[in-house]
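# Survey of secondary and tertiary structure
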Amino acid sequence: MTHSLEVRHHEADGHAMADDRDLESDRLHEECGVFGVYDHPDAAALTALGLHALQHRGQEAAGIVSFDGARFHSERRLGLVGDNFTRREVIERLPGDNAIGHARYSTTGGTILRNVQPLFAELETGGFAVCHNGNLTNGLTLRRRLIADGAIYQATSDTEVILHLVARSRRNRFVDRFIDALGQIEGGYAFVGMTNKKMIGARDPLGIRPLVIGELNGKFILTSETVALDIIGARFVREVENGEVVVIDEKGLESIKPFPGRRKRPCIFEYVYFARPDSIVDGKNVYGLRKQIGAILAAEAPVEADVIVPVPDSGVPAAIGFAQAAGVPYELGIIRNHYVGRTFIQPTQSVRELGVRLKHSANRAVIAGKRIVLVDDSIVRGTTSRKIVQMMRDAGAREVHFRIASPPIKFPDFYGIDMPEQDKLLASHMSIGEMRAYLGVDSLAFISIDGLYRALGEKGRDPVNPQFTDHYFTGDYPTPITDLVGEAAKQLSLLAEAS
């Protein structure tokens, strides 16, 4: 039986988004968050709520595909979840008891509608919708091979690779076709897919990207983080294990482990930055972990100071931990404006130069005349950090010390983190002393790699079998980087080739 797809979509002002990207280029961004619910009468509404909770994982676009027993329905929009999926008429256009959704942040190039997920295709076995968090490190290689073989691509996202691989598999059952496709891909990924009969989830063999299972009134849910379960009142069941495929249908949930077992190596930045502070990752409360990171940072790099100031919002938990361990007052010395809209930023250099001040302002009352310690989660390019330091100087800070709750980022990522090319990473070409001078601070220190591991409950980093994926600090990539071209490590993506 053929199941047709009903599609509606909406384009936003891409020019405004491009300008806003200039403001955001000095932060790390995760590519996306995923959500899926099976056999619930409010499937689309629950998916929209779940995507709200995952908005921090991707702010450029969102999409939902539902299935009503006869047809697939798709709504894919550029912009925030709240700007597109809060109106009743939109949710009513997504009928059915099954739905999957996606919040997107593209790795490189402009966001275009054809890349917004979930993607859908009519296959020999029926309709198939799929979305994923992460990046395929051989996606470009597979894409070129498939195109040479006659495949026709509509998008420039590597998610479309999985559609073609499933379509070309000669296995009989859909699940076997999906597993056949997974066996050909490399990288870090968490997939959520939906057919007319099943919902399917898969996590990469190392568990680099996260995926969890929830339950609401006996109905199963798949999503990137536990906060998406909390927002709809669902119960956390467990994490999808590394290398596991879960299949949800009318019989319940089936676990399949089709590949040889490997030791789990989740992305350590989930704990440091990406996951929302109120999430539970691998049984650990993220907020508590970040406070512990701050406490260990204070022990490793003490400094005489009058006040500890977080760089909001990501530096807040670590700064609290640092202040408590150091016995120094914690104050909000930087106030963040949460209401700067994307369309406010104009494409002129003079306004872009004011970008940091649009989002952050100094709280002079707690800074003037003080020796302050700024605490942030990471330094990427360093341009934003430099402006914040100058802002503290302008507000009258007597001394400005900088403490970073992650080791120096020296290497690019290929598993779904939007990160500049290596030569744009400040720590890749500057020593600590050179970075201190560039940033204009009185002292600069990063948590050690072993200190970070201790904060996460380990004795330290095992150099032979690292417990986490941490290549951005160490250069130790956990999988082959098939798409890497040339001797210099460059950030590669399908979007980059297409744009």
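Cut-offs used in this document
Residues numbered from 1 in each chain as written. Predicted model: local features only at pLDDT ≥ 70, side-chain atom pairs only at ≥ 80, totals over all residues. Heavy atoms only, no water. Helix = DSSP H or I, 4+ residues; strand = E, 2+ residues; numbered from the N terminus. Contact = heavy atoms within 4.5 Å. Areas by Shrake-Rupley, 256 points an atom, 1.4 Å probe, with all protein chains shown as cover. Axes fitted to C-alpha atoms, helices over the stretch in contact; angles between N-to-C directions. Parallel < 35°, antiparallel > 145°, perpendicular 65-115°, else oblique. Left-handed = near helix turned anticlockwise from the far one by under 90°. Pairing = 2+ DSSP bridges. Buried < 20%, exposed > 50% of the residue type's maximum accessible area, 1.4 Å probe, protein only. Nonpolar A, V, L, I, M, F, W, Y, C, P; charged D, E, K, R; others polar. Phe/Tyr/Trp six-rings, centres within 6.5 Å; stacked < 30°, edge-to-face > 60°.

### Looking at the overall build of the protein
- In terms of regular secondary structure, the protein is built from 20 helices and 24 strands.
- Put simply, of all contacts in the protein between residues at least 6 apart along the chain, 70% involve residues at least 24 apart.
- For the protein, the accessible area works out to roughly 19200 Å², and carbon and sulfur atoms hold 50% of it.

### Here's the deal with the environment of Val307
- In this fold, Val307 is placed in strand β18 (residues 307–310).
- Measuring from C-alpha to C-alpha, the distance between Val307 and Ala323 comes to 8.1 Å, with 16 residues separating the pair along the chain.
- Not counting residues up to four positions away in its chain, the partners in contact with Val307 are Val328, Pro329, Glu331, Val366, Lys370, Arg371, Ile372 and Val373.

### Brief notes about the packing of helix α5 (residues 139–148) against helix α6 (residues 159–168)
- At their nearest, the axes of α5 and α6 sit 10 Å apart, and the two run at 50 degrees to each other. By the angle between their axes, α5 is oblique relative to α6. Viewed along their axes, α5 and α6 form a crossing whose handedness is left-handed. Taking contact as the criterion, the partners of Gly139, Leu142, Arg143, Arg145 and Leu146 in α5 are, on α6, Val161, His164, Leu165 and Arg168.

### Focus: the sheet that holds strand β24 (residues 443–446)
- Pairing within the open sheet is parallel, and its four strands lie in the order β18-β21-β22-β24. A strand with exactly one partner marks an edge of an open sheet, and here the two such strands are β18 and β24. Between one strand and the next, the sheet's axes are offset by a mean angle of 20 degrees, whatever the strand orientation.
- Relative to strand β21 (residues 371–376), β18 runs parallel, the two sharing four bridges. Residue pairing across strands places Val307 opposite Ile372, the latter belonging to β21.
- Against the sheet, helix α11 (residues 316–326) makes contact with β18, β21 and β22 (399–404), and its axis sits at roughly 165 degrees relative to β18, the strand it touches most.

### Description of α6
- In terms of burial, α6 is largely enclosed, as eight of its ten residues are buried.
- Those residues of α6 lying buried are Thr159, Glu160, Val161, Ile162, Leu163, His164, Leu165 and Val166.
- Buried residues along α6 sit in contact with β7 (119–123), β8 (126–136), α5, α7 (174–182) and β9 (187–195).

### Thoughts on α7
- The element α7 is extensively covered by neighbouring structure, given that seven of its nine residues are classed as buried.
- When α7 is considered as a whole, its buried residues turn out to be Phe174, Val175, Arg177, Phe178, Ile179, Ala181 and Leu182.

### Topic: the packing of α6 against α7
- Across the interface, α6 lies against α7 with an axial gap of 8 Å and an inter-helix angle of 125 degrees. By the criterion of interaxial angle, the relationship of α6 to α7 is oblique. Helix-helix and strand crossings are classified by hand; for α6 and α7 the assignment is right-handed. Along its contact with α6, which presents Ile162, Leu165, Val166 and Ala167, the element α7 presents Phe174, Arg177, Phe178, Ala181 and Leu182.
- By residue class, the composition of the contact of α6 with α7 is eight nonpolar, no polar and one charged.

### A short note on the packing of aromatic side chains
- Within this structure, the stated rule accounts for 15 aromatic pairs.
- An angle of 45 degrees between the planes, with centres 5.1 Å apart, marks the rings of Tyr189 and Phe191 as tilted.
- Taking the centre distance of 5.0 Å and the plane angle of 80 degrees together, the rings of Tyr472 and Phe473 count as edge-to-face. Phe473 carries the same exposure label as Tyr472, and that label is buried.

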